[in-house]
Amino acid sequence: VSTAVGYTQGHKDEPIYTEVVTGRTGHVEAVQVSYDPSEVSYDELLACFFGSVNVTTLNRQRGNIGNMYRSGIYYHSEDQRE
């Protein structure tokens, strides 16, 4: 398993943190997870995600508040969406 952090869903190319936190770029803080399904299942990844993120609080994660902290699971292709 490896991860990369950044932003997704916004309308500005390569935003920086100080731009994202204004809420004006439309971005969400994101973590991209790459994994080998023979070592960890997608269901195990989901259990980890839902065990650490409260998807019932709108635009908030722990002490962080704002549109950029909304919860979501994103994909790169239709195959991943399936």
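Every chain is numbered on its own, with residues counted from 1 as its sequence reads. Only residues with pLDDT of at least 70 are given local features in this predicted model, and only at 80 or more are side-chain atom pairs given and counted; all residues enter the totals for whole chains, interfaces and linings. To obtain the side-chain values, all non-hydrogen atoms of the structure were included, while hydrogens and water were left out.

**Q** I keep staring at a nonpolar patch on the surface and nothing clicks. Help me out?
**A** Residues Val1, Val5, Val31, Val33, Tyr35, Tyr42, Phe50, Val55 and Ile73 make up a contiguous nonpolar surface patch of roughly 860 Å² in combined accessible area. Only DSSP runs of H or I covering at least 4 residues are called helices, and only runs of E covering at least 2 are called strands; the numbering of each starts at the N terminus. Counting only elements with at least two residues in the nonpolar patch, the list comes to strand S2 (28–34) and helix H2 (42–52). Among the structural elements, phenylalanine 50 can be located in helix H2. Residues enter patches when their relative accessible area tops 30% and they take part in no salt bridge; the joining distance is 9 Å for like charges and 5 Å for the nonpolar side chains Val, Leu, Ile, Met, Phe, Trp and Tyr. Throughout, the Shrake-Rupley method with a 1.4 Å probe supplies accessible areas, and for residues the shown protein chains are the sole cover considered. Salt bridges are counted wherever a side-chain nitrogen of Lys or Arg sits within 4 Å of a carboxyl oxygen of Asp or Glu.

**Q** Please explain the pattern of salt bridges as it appears in this structure.
**A** Inspection of the entire model under this criterion finds two salt bridges. A salt bridge links arginine 81 to glutamate 78; the nearest nitrogen and oxygen atoms lie 3.5 Å apart. Residue arginine 81 and its partner glutamate 78 are located together in helix H3 (residues 78–81), separated by three residues, close to a single helical turn. Accessibility here uses a 1.4 Å probe with only protein chains present; expressed as a share of the type maximum, an area under 20% marks a residue as buried, one over 50% as exposed, and anything in between as partly exposed. Here arginine 81 falls in the exposed class, since its relative accessible area comes to 53%.

**Q** How should I be thinking about the environment of tyrosine 74 in this particular structure?
**A** Assignment of secondary structure puts tyrosine 74 in the loop between strand S4 (64–65) and H3. In this structure tyrosine 74 comes out as partly exposed when scored by relative accessible area, which is 36%. Once the C-alpha coordinates of tyrosine 74 and valine 31 are considered, the two residues, 43 residues apart in sequence, prove to be 9.7 Å apart. Residues in contact with tyrosine 74, not counting those within four places in the same chain, are Thr8, Gln9 and Val28. We call two residues in contact whenever any of their non-hydrogen atoms come within 4.5 Å of each other.

**Q** What is the right way to read the side chain of threonine 25 from this model?
**A** Turning to its location among the elements, threonine 25 is positioned in the loop between helix H1 (17–20) and S2. Overall, the relative accessible area of 5% leaves threonine 25 in the buried class. Aside from chain neighbours lying at most four places away, what touches threonine 25 is Gly10, His11, Lys12, Glu19 and Val20.

**Q** Please explain the packing of aromatic side chains as it appears in this structure.
**A** Between two aromatic rings, the relevant description is the distance of the centres plus the angle of the planes. For this analysis, a ring pair means two rings from Phe, Tyr or Trp (six-membered ring only for Trp) whose centres lie within 6.5 Å, classed as stacked if their planes differ by under 30 degrees, edge-to-face if by over 60, and tilted for the remaining angles. As enumerated under the stated definition, the model contains one aromatic pair in all. Ring centres of phenylalanine 49 and phenylalanine 50 lie 5.0 Å apart, and the angle between their planes is 80°; this geometry places the pair in the edge-to-face category. A relative accessible area of 22% means that phenylalanine 49 is categorised as partly exposed. The class for phenylalanine 50 is partly exposed, based on a relative accessible area of 45%.

**Q** Honestly, unusual backbone geometry in this entry has me stumped. Any pointers?
**A** Peptide bonds are trans in most cases, and residues, glycine excluded, mostly fall at negative phi. In this structure, glutamine 9 is a non-glycine residue whose phi angle is positive, near 75°. Mapped onto the secondary structure, glutamine 9 falls in the loop between strand S1 (2–8) and H1. A positive phi is found at glutamate 14, a non-glycine position, where the angle reads about 45°. Position of glutamate 14 relative to the elements: it lies in the loop between S1 and H1. Overall, the relative accessible area of 75% leaves glutamate 14 in the exposed class.

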